[in-house]
Amino acid sequence: MPIRLDRRTRRDADLRHVDMESFLARDFPGLVSRHGPLVARGIASLQAPPLSIEIGDSSWSFSSDGATLVVSRGTVSGALVVTFDETEFSDWAQNQRSFNAMLTARELRHRGGSIADISVWDSLWLTLLEGWPVVDDTIDFIDRHRAPLDLGRVFTPADDPADVAHFLREAGYLHLRGWLDPADMNEVSSDIDRALPDYREGDGRSWWATLADGSRRCVRLQEFLARSPATSAILRGERWEQLRGVLAGDDLLGPPPVNGRGPEALIKPIGVTVGASDVSFHRDCHFGRHAYNCSNMVTGIAVTGSGEANGQLRVIAGSHRVLMPVEIAKSRPYLPVVAVPTEPGDVTVHLTCTLHESTPPLVEERRVIYTGLSLAPRADDAAGAGDGDGDGDGGGGGGGQALAALRERISRILLDETSRT
Ligand SMILES: O=C(O)CCC(=O)C(=O)O
Ligand SMILES: [Fe+2]
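So, how was this worked out
Residues numbered from 1 in each chain as written. Chains lettered and ligands numbered in written order. Predicted model: local features only at pLDDT ≥ 70, side-chain atom pairs only at ≥ 80, totals over all residues. Heavy atoms only, no water. Donors = N, O, S within 2.8 Å, 3.2 Å for Na, K, Ca; no water. Helix = DSSP H or I, 4+ residues; strand = E, 2+ residues; numbered from the N terminus. Buried < 20%, exposed > 50% of the residue type's maximum accessible area, 1.4 Å probe, protein only. Salt bridge = Lys/Arg side-chain N within 4 Å of Asp/Glu carboxyl O. 1 Å grid on protein atoms, 1.4 Å probe; cavity = no way out; pocket = protein on both sides within 12 Å on 5 of 7 lines; lining within 4 Å. Points joined across faces, edges and corners; volume = space filled by probe spheres on them. Nonpolar A, V, L, I, M, F, W, Y, C, P; charged D, E, K, R; others polar. Pairing = 2+ DSSP bridges. Axes fitted to C-alpha atoms, helices over the stretch in contact; angles between N-to-C directions. Contact = heavy atoms within 4.5 Å.

The protein atoms that coordinate the iron ion (ligand 2) are His282 (NE2), Asp284 (OD) and His356 (NE2), at distances spanning 2.1 to 2.2 Å. Donor residues for the iron ion (ligand 2) sit on one chain with the sequence pattern H-x1-D-x71-H. On the criterion of sequence distance, the pair formed by His282 in the loop between strand E10 (272–274) and helix H9 (290–293) and His356 in strand E15 (residues 356–358) is long-range, its members being 74 residues apart. Residue His282 shares its accessibility class with His356, and that shared class is buried.

Our focus in this paragraph is unusual backbone geometry. Omega for the bond connecting Cys294 with Ser295 falls within 30 degrees of zero, at -5°, which places this linkage in the cis form. Mapping Ser295 onto the fold places it in the loop between H9 and strand E11 (297–302). Phi at Arg106 is positive, roughly 60°, even though this residue is not glycine. Summarising the element assignment, Arg106 is placed in the loop between helix H3 (99–104) and strand E5 (109–111). Even without being glycine, Arg289 reaches a positive phi, approximately 70°. Following the sequence through the fold, Arg289 ends up in the loop between E10 and H9. Arg289 sits in the buried class, given a relative accessible area of 2%.

Moving on to the pattern of salt bridges. Tallied over the entire structure, the rule returns 31 salt bridges. Two residues, Arg289 and Asp12, come together in a salt bridge whose shortest N-O distance is 2.9 Å. Here Asp12 lies in the segment before helix H1 (20–46) and Arg289 lies in the loop between E10 and H9, a separation of 277 residues in the sequence. Put simply, Glu107 and Arg97 hold a salt bridge, and the shortest N to O gap is 3.7 Å. One end of the pair, Glu107, is in the loop between H3 and E5; the other, Arg97, is in the loop between helix H2 (86–93) and H3, and 10 residues separate them in sequence. Taking relative accessible area as the criterion, Glu107 reaches 21% and is therefore assigned partly exposed. Looking at Arg97, the relative accessible area reads 8%, which means it is buried. The structure contains a network of salt bridges with shared partners spanning Asp193, Arg217, Glu365 and Arg367.

Moving on, we get to empty space enclosed by the protein. Within the structure shown, the criterion is met by five cavities of 30 Å³ or more. Lining of the largest cavity is provided by 20 residues; of these, Ser98, Asp122, Ser123, Leu126 and His286 occupy positions nearest its centre. Tallied by class, the residues present in the lining of the largest cavity amount to nine nonpolar, eight polar and three charged.

This part covers the sheet that holds strand E2 (residues 58–64). Read from one edge to the other, the open sheet built from five strands follows the order E3-E2-E1-E4-E5, with strand pairing classed as mixed. Either end of the sheet is taken by a strand with one partner, and the two such strands are strand E3 (69–73) and E5. Averaged over all adjacent pairs, the angle separating strand axes in this sheet is 20°, with direction ignored. Bridging between strand E1 (residues 51–55) and strand E4 (residues 80–84) involves five bridges; their strand directions are parallel. By the bridge assignment for E4, Ile53 is matched with Val82. Its contacts with the sheet place helix H4 (residues 115–130) against E1, E2, E3, E4 and E5, and it is angled at close to 70° to E4.

Note that every value here comes from positions in space, so none of it alone points to a role or purpose.
What follows is the structure, encoded as structure tokens:
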């Protein structure tokens, strides 16, 4: 069975206020019968403590009975305890916001557990809601003919489109070469230089970082398309259209985004000390709304080359299929970590559900353009809902007002944050 990109199970139209009692009465029994054993397996494998949730004067605890997930009243000893208000719980119970998002926004109230425990429970909760397993001992990587997949494979336009589409779905990422003209990258880079004076700190469409010498540098230029004729020519070109068709495979993609924050130009200077330039392992959907939007694709156009010397993208193969918690990915990943070193004009693709990071440049600056390809809206999706801006951070688009507001707060915090959050 080919793996489908479309993992959407929830719609904005179904959002309602959910309190714990109604969640436990209406939703929990069905979720536990479908996904409880998967959660219990994850608890055992990752040695997760129980999770206690406090809301007002009430509290509940979630733990494993060895076979499935069970809930009891009150807090239990040794638990990770999270305190929610009513709205926070409602958002969390409907995959609108994750622990990760609240933690990054400095809004998560917790005690009794480690940051790793919080990350593990973020994944376990999504396992409960969506059936996405945290561990899977049977996962393998095979090609269309059931031979082992070469995880370092680079695909060109001469490759069979079915193999390209299959690799993306199987491994969660792609490395493409020969699709774009490397000579065009100089022009894209010049467009970045020409666009830079249009961006100011605090303008709401750029990210900035402090370098070792104390200077501030623009590291992310959003709304870049209007300022880059070279990027515009690439994204409107026949080759890009061909690539969209190949990547789509049997899934239906939406039209390219015409507005929103993407495409974004990312500049990766050497020696960033403060600010979000190089990002440690994350999923672009890990702040929430996975079940409303995923999986979309994020394409990175290598303007400069990338590698160990000037920083590169690293992905965790299969992490769109196995919900490895972010903190575990950083410390003891249990799936293959694959570096994707690029030449100018190469394209990388990752799914919004695939764990990825960028390593900091050591000797040379790196530049890359990120733009997204989204699934076609579902028939009854509200107009503007979904993750339509298609930028590298899997941004909010329409829909998910709670998450959109939170993203704004997070981006302000990231401005002051020590690099590699
Ligand atoms: O720097 C990169 O290549 C990745 C950036 C990224 O993952 C993001 O902005 O979400
Ligand atoms: Fe990302």
